[in-house]
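Each chain, written out:
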Amino acid sequence: MSKTNELMQIGLRLSNCRQDRNMTQEELAGRLGITPQAISKWERGASLPDISMLADLAALLHVSTDWLLGIRGEQTPEAKGNASADRNKPDFIQEIQPELGNCLRESLQPLELVFGTDLTPAFMEYNPKLLVRIQNLRLDLAREEGILMPVLRVRDHLHPAIGKMEFMILSFHTVLYSQVLDTVDQGTVEYIIGKAADTMRGKYHEILYPDLMKSIVDNLKVRYPALIEDMVPERISYGLLTEAVKPVLAKGNSIRYLPKMIEIMECALRRNPAGDAQYLAEQVLEGIQRKDNFYVFLNRRQAPNA
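The rules we used
- Residues numbered from 1 in each chain as written.
- Predicted model: local features only at pLDDT ≥ 70, side-chain atom pairs only at ≥ 80, totals over all residues.
- Heavy atoms only, no water.
- Helix = DSSP H or I, 4+ residues; strand = E, 2+ residues; numbered from the N terminus.
- Polar contact = N/O pair within 3.5 Å; in protein donor to acceptor, adjacent residues only side chain to side chain.
- Contact = heavy atoms within 4.5 Å.
- Phe/Tyr/Trp six-rings, centres within 6.5 Å; stacked < 30°, edge-to-face > 60°.
- Buried < 20%, exposed > 50% of the residue type's maximum accessible area, 1.4 Å probe, protein only.
- Axes fitted to C-alpha atoms, helices over the stretch in contact; angles between N-to-C directions.
- Parallel < 35°, antiparallel > 145°, perpendicular 65-115°, else oblique.
- Left-handed = near helix turned anticlockwise from the far one by under 90°.
- Nonpolar A, V, L, I, M, F, W, Y, C, P; charged D, E, K, R; others polar.
- Pairing = 2+ DSSP bridges.

Novice: Quick one: what's the story with the side chain of Asn253, residue by residue and with numbers?
Specialist: In this fold, Asn253 is placed in the loop between helix H14 (238–250) and helix H15 (258–271). One polar contact links the side chain of Asn253 to the main-chain carbonyl oxygen of Val248, over a distance of 3.0 Å. In contact with Asn253, not counting residues within four places along its chain, are Val248, Leu285, Ile288 and Gln289.

Novice: Explain the packing of aromatic side chains to me, using residue names and the numbers behind them.
Specialist: Under the definition given, this model contains three aromatic pairs. Taken together, a centroid distance of 5.9 Å and an interplanar angle of 35° make the contact between Phe167 and Tyr177 tilted. One end of the pair, Phe167, is in strand E3 (residues 166–171); the other, Tyr177, is in strand E4 (residues 174–180), with 10 residues separating them in the sequence. The class for Phe167 is buried, based on a relative accessible area of 0%. Classification of Tyr177 as partly exposed rests on a relative accessible area of 25%.

Novice: Would you mind going over the packing of H15 against helix H16 (residues 277–288) in detail, with residue names and values included?
Specialist: Any two packed helices are characterised by the angle at which their axes cross and by the distance between the axes. At their nearest, the axes of H15 and H16 sit 9 Å apart, and the two run at 120° to each other. Accordingly, the angle class assigned to the pair H15 and H16 is oblique. With respect to the hand of their crossing, H15 and H16 are arranged in right-handed fashion. Here Lys260, Met261, Ile264, Met265, Ala268, Leu269 and Arg271 of H15 come into contact with H16, specifically with Tyr279, Leu280, Gln283, Val284, Gly287 and Ile288. Partitioning the contact of H15 with H16 into residue classes produces nine nonpolar, two polar and two charged.

Novice: Can you tell me about the sheet that holds E3, naming the residues and giving the values?
Specialist: One open sheet accounts for four strands, arranged E2-E1-E3-E4; its pairing is mixed. Taken across any chain shown, the strands that pair with only one partner, and hence form the sheet edges, are strand E2 (152–156) and E4. Ignoring strand direction, the axes of neighbouring strands in this sheet form an average angle of 15°. Here E3 runs beside E4; their pairing, made up of six bridges, is antiparallel. The residue bridging Ser171 from the neighbouring strand is Thr174, located in E4.

Treat this as a map of the structure, not an account of what it does.
Quick look at the structure:
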């Protein structure tokens, strides 16, 4: 089967499932946090849902992702039964479905890569490798930079103000990076993912949030239990720690310093138990930006008058 026919078959399955659930394209789009035009493109076989949305899309339609993509031939009897039963439920009961929570969480993912319509074919061509590539990027950032990368939501965007050849990297809908490309080729998606990686390294203070900080700290506890266990969140909440660390990262320091940062904060709070985020950030900067700090040392070598 050709790629065009495969897309048409997936679109037909999606359309049939949506109609079986008595949902309009607008309703399905609203639950996924996307535009009705995107649903229309999927159902016409003009494009595929991005990987990060497949699980929630399948959950909304009460089918498996394998069936939706044509990997498995039949819809499960349970899924058929659920669809039938839901059609008989009052509207207000249908609105309180557990999958709505999943869709809401997906639509509120803080880190997004959005792109214009002329870049969609490049992502569709790359699509089978995209999930693996992003996972490898997360591993590389964690291993080399100590950066825990949140889920990256990748999607085309139909807003008329976004250029057809433009891509943007967003954090909580703040534009961290944008670029309009001149051409599209086989290396385009790799180039864009590389820019996402650079953005993670250079603007992690714009991406970091308390739940992400908690995940980082939970991993640090394995390596530094004596440092972490009686300190975070017992004496420093995740929110306070995040707010104190952001200005430090904004100065170009690495999140790899986090154990040292927490150690400095612990000493600072012994001196001043009422210390706020600004106070803690100042103490950390004073403690790590010493002349013998490795990166400070190298930067001084590169300075013209060093």
